[in-house]
Amino acid sequence: MIPPTCETVFALIIINKAGGLIYNKTFHEAGLNKVGTNDLLVLAGTFHGVHAITARLNPLKTAGDRTSTASASGMLNRPEPPTGLEVLESENFRLQCFTTMTGVKFLLFTDTTQANVDVTIRRIYDLYSDYVMKNPFYQLEMPVRCDMFDRKLLSYVREINNR
Ligand SMILES: *[C@@H]1O[C@H](CO)[C@@H](O)[C@H](O)[C@H]1NC(C)=O
């Protein structure tokens, strides 16, 4: 018998807009071997740098023209800014990045078969908005240490991993 596809969220890291690691969580029960502190910092910094470069790469025909253009309906049609690197994939995992309006990056490590990662990462961003951003003791750009966020995140991911 073929086992059901096991979809798993392995880990989450959050990077501030300067490229510093401000949050890391490995969901142990999922079984991705632990990445050392140093490697995590390197990963965060490297991803940040590569992301910045890839965000500047775009097709030549739009490169010089970032101004608004009028569409057929006469509405102003501003081109979306390039997003930069969004997904990294290996044989064993998939890393998806979500960048907020303020430049905070959420990097989610999942199984390569995981579906709807966008939805998952958005939901995690919602939790961050509710339990980190609305926490009066949280200082922007600083490491995230919020119990409520930890707990909500853990129970949300557990729900996905046990599906
Ligand atoms: C990862 O998170 C733990 C707490 O969950 C923290 O103690 C540790 O310092 C963090 N590592 C890094 C590199 O920020």
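Cut-offs applied
Residues numbered from 1 in each chain as written. Predicted model: local features only at pLDDT ≥ 70, side-chain atom pairs only at ≥ 80, totals over all residues. Heavy atoms only, no water. UniProt positions renumbered as here; feature names shortened; annotations may be inferred. Near = heavy atom within 4 Å. Polar contact = N/O pair within 3.5 Å; in protein donor to acceptor, adjacent residues only side chain to side chain. Helix = DSSP H or I, 4+ residues; strand = E, 2+ residues; numbered from the N terminus. Buried < 20%, exposed > 50% of the residue type's maximum accessible area, 1.4 Å probe, protein only. Lys, Arg positive; Asp, Glu negative; His and termini not counted. Salt bridge = Lys/Arg side-chain N within 4 Å of Asp/Glu carboxyl O. Contact = heavy atoms within 4.5 Å. Pairing = 2+ DSSP bridges. Axes fitted to C-alpha atoms, helices over the stretch in contact; angles between N-to-C directions. Parallel < 35°, antiparallel > 145°, perpendicular 65-115°, else oblique. Left-handed = near helix turned anticlockwise from the far one by under 90°. Nonpolar A, V, L, I, M, F, W, Y, C, P; charged D, E, K, R; others polar.

An unreviewed UniProt entry annotates the protein chain as Trafficking protein particle complex subunit of Coniochaeta ligniaria NRRL 30616. According to the UniProt record, the Subunit (unreviewed entry) comment for the protein chain reads "Part of the multisubunit transport protein particle (TRAPP) complex."

J.: Just checking my understanding: could you explain the site of the ligand for this structure?
T.: The ligand sits among Leu21, Asn24 and Thr37. In this structure, an oxygen atom belonging to the ligand sits 2.5 Å away from a side-chain N or O atom of Asn24.

J.: Any chance you could explain the side chain of Lys105 here in plain terms?
T.: Relative to the helices and strands, Lys105 resides in strand S7 (residues 105-110). No salt bridge is formed by the buried Lys105, whose closest oppositely charged neighbour, Glu141, lies at an N-O distance of 9.7 Å. A polar side-chain atom of Lys105 sits 3.0 Å from a polar atom in the side chain of His48. Ignoring sequence-local partners within four residues, the contact set of Lys105 consists of Ile13, Ile14, Ile15, Phe47, His48, His51, Cys97, Phe98 and Thr99.

J.: Looking at this structure, I do not really get the pattern of salt bridges. What am I missing?
T.: Opposite charge on two side chains permits them to pair, given that their charged atoms come into close proximity. Counting across every chain of the model gives four salt bridges. One salt bridge connects Lys17 with Glu141, and the closest N-O pair in it is separated by 3.9 Å. Residue Lys17 is located in the loop between strand S1 (9-15) and strand S2 (21-26), and its partner Glu141 is located in the loop between helix H3 (117-133) and helix H4 (147-161); the two are separated by 124 residues in the primary sequence. Residue Lys17 is classed as exposed on the basis of its relative accessible area of 52%.

J.: Looking at this structure, I do not really get the sheet that holds S1. What am I missing?
T.: The strands making up a sheet associate through backbone hydrogen bonding, with each pair oriented either parallel or antiparallel. The strand order across the open sheet formed by five strands is S2-S1-S7-S6-S5, and the pairing between neighbours is antiparallel. Strands at the two margins of the open sheet, each flanked by one partner only, are S2 and strand S5 (87-89). On average, each strand axis in the sheet is tilted by 15° relative to the strand beside it, whichever way the strands run. Bridge count between S1 and S7: six bridges; the pairing is antiparallel. Along S7, the bridge assignment pairs Leu12 with Leu108. Packed on one face of the sheet, helix H1 (residues 37-56) meets S1, S2, S5, strand S6 (94-99) and S7 and runs near 115° to S7. Packing of H3 onto the sheet brings it into contact with S1, S6 and S7, and relative to S7 it is tilted by some 135°.

J.: Just to check I follow, could you spell out the packing of H3 against H4 for this structure?
T.: Packed helices, taken two at a time, are described by their axes: the angle between them and the distance between them. Look at H3 against H4: their axes get within 9 Å of each other, and the N-to-C directions meet at 160°. Regarding the angle of H3 to H4, the classification is roughly antiparallel. Here H3 and H4 pass one another in a crossing that is right-handed. Along the contact surface, H3 presents Val119, Thr120, Arg123, Ile124, Leu127, Tyr128, Tyr131 and Val132, while H4 presents Met148, Phe149, Lys152, Leu153, Tyr156 and Ile160. Per-class residue counts for the contact of H3 with H4 are 11 nonpolar, one polar and two charged.

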